[in-house]
Amino acid sequence: MKKSYKIAVLPGDGIGVEIIPQGVRALKAAAAKFGIEIETEEGLIGGAAYDATGSPFPEETAKLCAAADGVFLGAVGGPKWDHVEPSSNRPEGGLFAVRKLLGAYANLRPVFVFDTLAENAALKTERVAGGFDIIFVRELTSGIYFGKPKERREVNGEIVAVDTCAYSVSEIKRVAHKAFKQAMMRKKLLHSVDKANAMETSRLWRETVAEVAKEYPEVTLINMYSDNCAMQLLRDPKQFDVILTDNLFGDILSDEASMLSGSLGLLPSASLSDTHGGLYEPIHGSAPDIAGKGIANPLATILCAGLILRNVCNCPKGDELVFGVVKSILDDGYRTIDIAKEGDTKILNCKEAGDLVVERINAATV
Ligand code: IPM
Ligand code: MN
């Protein structure tokens, strides 16, 4: 079994540069517990890369990522770059480029609630307590984010902006397979979310998912419109297990669902590819409002370290260790400010949270 892995580390912008070092420390500490060596090399992406090189995804970063076993990314973007032209040079262009380069078409976003944080959730405790455990499988390298044309043009003397939503059968099939495979490992329940009452891509999505479903007769498939899904997530999150959806709906619905867990700062994601070890990033953004203060919550990023161990290093026990340590810290009442309530006293800043995680990983018996 391979025991040494190269991870490309792309901190990016804003709080990315604060949380990523904590994630990397946790990754190395947990890997070491299982005799796995992690070699990291940093690269520039997003606004930081644009400032240094004129591109949000320089060639050097592309080479680093392509050669790595996995890519660990912080966050990109910030008001400083909101008006960069052309728009493909904005920090988010770097994110789209790395997703595309790696062929990371299946973005897995688990949304769960730590029992001890059930009161933090945006819903009444009884709706979330006792747990819900949802995994979004969001299509990540196609749809309206990538379709061409994507442009502004003048029509009848005024400016018209166009984005194109396009999906091919093969793009839908491959992500659907990933979702059905998740469902087979879980409760064998899959909600496929689309807007087939309004969109042609959604009608093709629905037909194609129905075809793929024939290969997974044990899985119950429920089709749901995206507007209804937005409502159902708040009404009764426990009805869901695996949610398969396209790039744009997946972006919006997963942010909504994150509030069921109390904080965007707790949720990791893995973007899987058939040709590369994939991309691992927290689902939150660069949080320019708190960047530079050292108070960001690194736990989502630390949970990504667990997903790297599971998916890149073939070490699910490493993921369980990281998850268990994060849970123990929360159970013991430690909080970063985004999840703190009045009266909480064990408040950790970003580095302190990382310190505590590493300390507990090192002390664990595996
Ligand atoms: C995400 C982010 C990105 C996305 C933004 C930064 C372009 O919101 O990863 O969910 O929409 O994909
Ligand atoms: Mn998003």
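Residues numbered from 1 in each chain as written. Chains lettered and ligands numbered in written order. Predicted model: local features only at pLDDT ≥ 70, side-chain atom pairs only at ≥ 80, totals over all residues. Heavy atoms only, no water.

Novice: How do you make sense of the pairing of strand 9 (residues 220-225) when you look at a structure like this?
Specialist: Across a regular strand the side chains alternate sides, sitting on one face of the sheet and then on the other. Pairing between strand 8 (residues 189-194) and strand 9: six bridges, direction parallel. Paired with Leu190 across the strands is Leu221, a residue of strand 9. After leaving strand 8, the chain enters helix 7 (residues 200-213) and then returns to the sheet as strand 9, a path that is right-handed. (Pairing = 2+ DSSP bridges. Helix = DSSP H or I, 4+ residues; strand = E, 2+ residues; numbered from the N terminus. Right-handed = clockwise from strand over helix to strand, strands pointing away.)

Novice: Please explain the pattern of salt bridges as it appears in this structure.
Specialist: Opposite charge on two side chains allows them to pair when their charged atoms are near. Scanning all chains against the criterion turns up 21 salt bridges. A salt bridge links Arg90 to Glu92, with the shortest nitrogen-to-oxygen separation between them at 3.6 Å. Here Arg310 and Asp319 are joined by a salt bridge, their closest N and O atoms 2.6 Å apart. Residue Asp319 is classed as buried on the basis of its relative accessible area, which comes to 9%. The network of salt bridges with shared partners includes Arg25, Lys351 and Asp355. (Salt bridge = Lys/Arg side-chain N within 4 Å of Asp/Glu carboxyl O. Buried < 20%, exposed > 50% of the residue type's maximum accessible area, 1.4 Å probe, protein only.)

Novice: So what exactly am I meant to see when it comes to the site of ligand 1 here?
Specialist: The environment of ligand 1 is made up of Glu92, Leu95, Phe96, Arg99, Arg109, Arg138, Tyr145 and Asp251. The side chain of Arg99 places a nitrogen or oxygen atom 2.7 Å from an oxygen atom of ligand 1. About the coverage of ligand 1: the protein hides 78% of its 320 Å² of free accessible area. When residues of the shell around ligand 1 are assigned to their parent elements, the largest contribution, four residues, is made by helix 4 (residues 91-102). For the shell around ligand 1, the residue count by class is three nonpolar, no polar and five charged. (Near = heavy atom within 4 Å. Polar contact = N/O pair within 3.5 Å; in protein donor to acceptor, adjacent residues only side chain to side chain. Areas by Shrake-Rupley, 256 points an atom, 1.4 Å probe, with all protein chains shown as cover. Nonpolar A, V, L, I, M, F, W, Y, C, P; charged D, E, K, R; others polar.)

Novice: Explain the pairing of strand 10 (residues 242-245) to me, please; I cannot follow it from the model alone.
Specialist: Residue alternation in strand 10 divides its side chains into two sets, Val242 and Leu244 and Ile243 and Thr245, and both sets are buried. Sheet topology note: the strand 5 (residues 133-139)/strand 10 ladder contains four bridges and is parallel. Bridge pairing in strand 10 links Ile135 to Val242. Bridge count for strand 8 against strand 10 is four bridges, and the pairing is parallel. Paired with Leu190 across the bridge in strand 10 is Val242.

Novice: I keep staring at the sheet that holds strand 4 (residues 106-112) and nothing clicks. Help me out?
Specialist: What holds strands together in a sheet is hydrogen bonding between their backbones, with the strands either parallel or antiparallel. If you walk across this open sheet you meet the ten strands as 2-1-3-12-11-4-5-10-8-9, and the pairing is mixed. The sheet is open, and its two borders are formed by strand 2 (37-42) and strand 9, each paired with just one other strand. Averaged over all pairs of adjacent strands, the angle between their axes in this sheet comes to 25°, without regard to strand direction. By the bridge criterion, six bridges tie strand 1 (residues 4-12) to strand 2 in an arrangement that is parallel. Opposite Tyr5, over in strand 2, you have Ile38 as the bridge partner. Strand contacts of helix 3 (residues 59-67): strand 1, strand 2 and strand 3 (70-75), with the helix running at about 145° to strand 1, the strand carrying the most contacts. (Axes fitted to C-alpha atoms, helices over the stretch in contact; angles between N-to-C directions. Contact = heavy atoms within 4.5 Å.)

Novice: How should I be thinking about the packing of aromatic side chains in this particular structure?
Specialist: Aromatic ring pairs are reported here in terms of the distance separating the ring centres and the angle at which the planes meet. Using the criterion set out here, one finds seven aromatic pairs in the structure. With a centroid separation of 5.4 Å and an interplanar angle of 70°, the aromatic rings of Tyr167 and Trp205 are classed as edge-to-face. With Tyr167 in the loop between strand 7 (158-164) and helix 6 (169-185) and Trp205 in helix 7, the pair connects residues that are 38 residues apart, well separated along the chain. An identical accessibility class is assigned to Tyr167 and Trp205; each is buried. (Phe/Tyr/Trp six-rings, centres within 6.5 Å; stacked < 30°, edge-to-face > 60°.)

Novice: How do you make sense of the environment of Arg153 when you look at a structure like this?
Specialist: Examined against the element boundaries, Arg153 turns out to sit in strand 6 (residues 147-155). For Arg153, a relative accessible area of 35% translates into the label partly exposed. Setting aside its immediate chain neighbours within four residues, Arg153 contacts Glu158, Ile159, Val160 and Val162. A distance of 2.9 Å separates polar atoms of two side chains, one belonging to Arg153 and the other to Glu151.

Novice: So what exactly am I meant to see when it comes to the nonpolar core here?
Specialist: Side chains of a nonpolar character, in soluble globular proteins, are inclined to be buried together. Ranked by size, the top nonpolar core spans 88 residues in total, and within it Phe72, Phe180, Leu233, Leu244, Tyr280 and Ile361 carry the most contacts. Of all the elements, helix 10 (residues 299-311) adds the most residues to this core, at eight residues. Of the residues that make up this core, three or more belong to each of domain 1 (1-114 + 262-366) and domain 2 (122-139 + 166-261). Non-local contacts of Leu233, meaning those with residues more than four positions away in its chain, are made with Leu123, Ile134, Phe136, Phe240, Ile243, Leu253, Glu256, Ala257 and Leu260. (Core = buried A, V, L, I, M, F, W, Y, C linked by side-chain atoms within 4.5 Å. Domains from an automatic or database assignment.)

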